[in-house]
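# A look at the structure
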Amino acid sequence: MNAVNEENGVGHVTHVLVLPDRGAAEEAAEALAGRFGLPEEPQLVRDALAGEDDAEDAQWLVVVEDPDGEFSAAELDEFAAEWDGWREEP
């Protein structure tokens with residue numbers, strides 16, 4: 001999701017990191033806030049796989065708001081990979 005800031009043309013970006021389980025998502029959110037200097041931990045969202053009812057079979061999303069469009073996609077890709085996850089393209 002992208003939106004353009006009219007003052008300086010920099011886009012607001014919402015990054016989504018997909019992680020394999022809740023534990024990884026919680027650890028990643030905490031580490032992400034510290035590593036990237038976020039004012040608060042990113043939002044966690046459970047993403048149930050089609051046909052799966054068990055929470056253990058869900059992927060977890062870490063939603064990172066980037067109001068100034070300053071986070072590097074490559075850095076976020078590398079970060080998500082530390083938890084066996086990936087970054088979804090906006």
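The present account deals with the structure reproduced in this document. (Residues numbered from 1 in each chain as written. Predicted model: local features only at pLDDT ≥ 70, side-chain atom pairs only at ≥ 80, totals over all residues. Heavy atoms only, no water.)

### A look at the pairing of strand 4 (residues 59–66)
Most of strand 4 sits inside the fold, with seven of its eight residues counted as buried. For strand 2 (residues 11–19) and strand 4, the ladder comprises seven bridges, and the chain directions are antiparallel. Its bridge partner being in strand 4, Leu-17 is matched across the sheet by Val-62. By the bridge criterion, five bridges tie strand 3 (residues 43–47) to strand 4 in an arrangement that is antiparallel. Within strand 4, the residue paired with Arg-46 across the bridge is Trp-60. (Buried < 20%, exposed > 50% of the residue type's maximum accessible area, 1.4 Å probe, protein only. Helix = DSSP H or I, 4+ residues; strand = E, 2+ residues; numbered from the N terminus. Pairing = 2+ DSSP bridges.)

### Focus on the side chain of Arg-87
Here Arg-87 is to be found in strand 5 (residues 86–88). Of note is the side chain of Arg-87, whose polar atom sits 2.8 Å from the side chain of Asp-77. Polar contacts involving the side chain of Arg-87 include one to the side chain of Glu-89, which spans 2.9 Å. Discounting chain neighbours no more than four positions away, the residues touching Arg-87 are His-15, Val-16, Leu-17, Ala-73, Leu-76, Asp-77 and Ala-80. (Polar contact = N/O pair within 3.5 Å; in protein donor to acceptor, adjacent residues only side chain to side chain. Contact = heavy atoms within 4.5 Å.)

### Some points on unusual backbone geometry
It is generally the case that most residues other than glycine have a negative phi and that most peptide bonds are trans. With a phi close to 60 degrees, Asp-84 is a non-glycine residue in the positive phi region. Along the chain, the position of Asp-84 falls in the loop between helix 2 (73–81) and strand 5.

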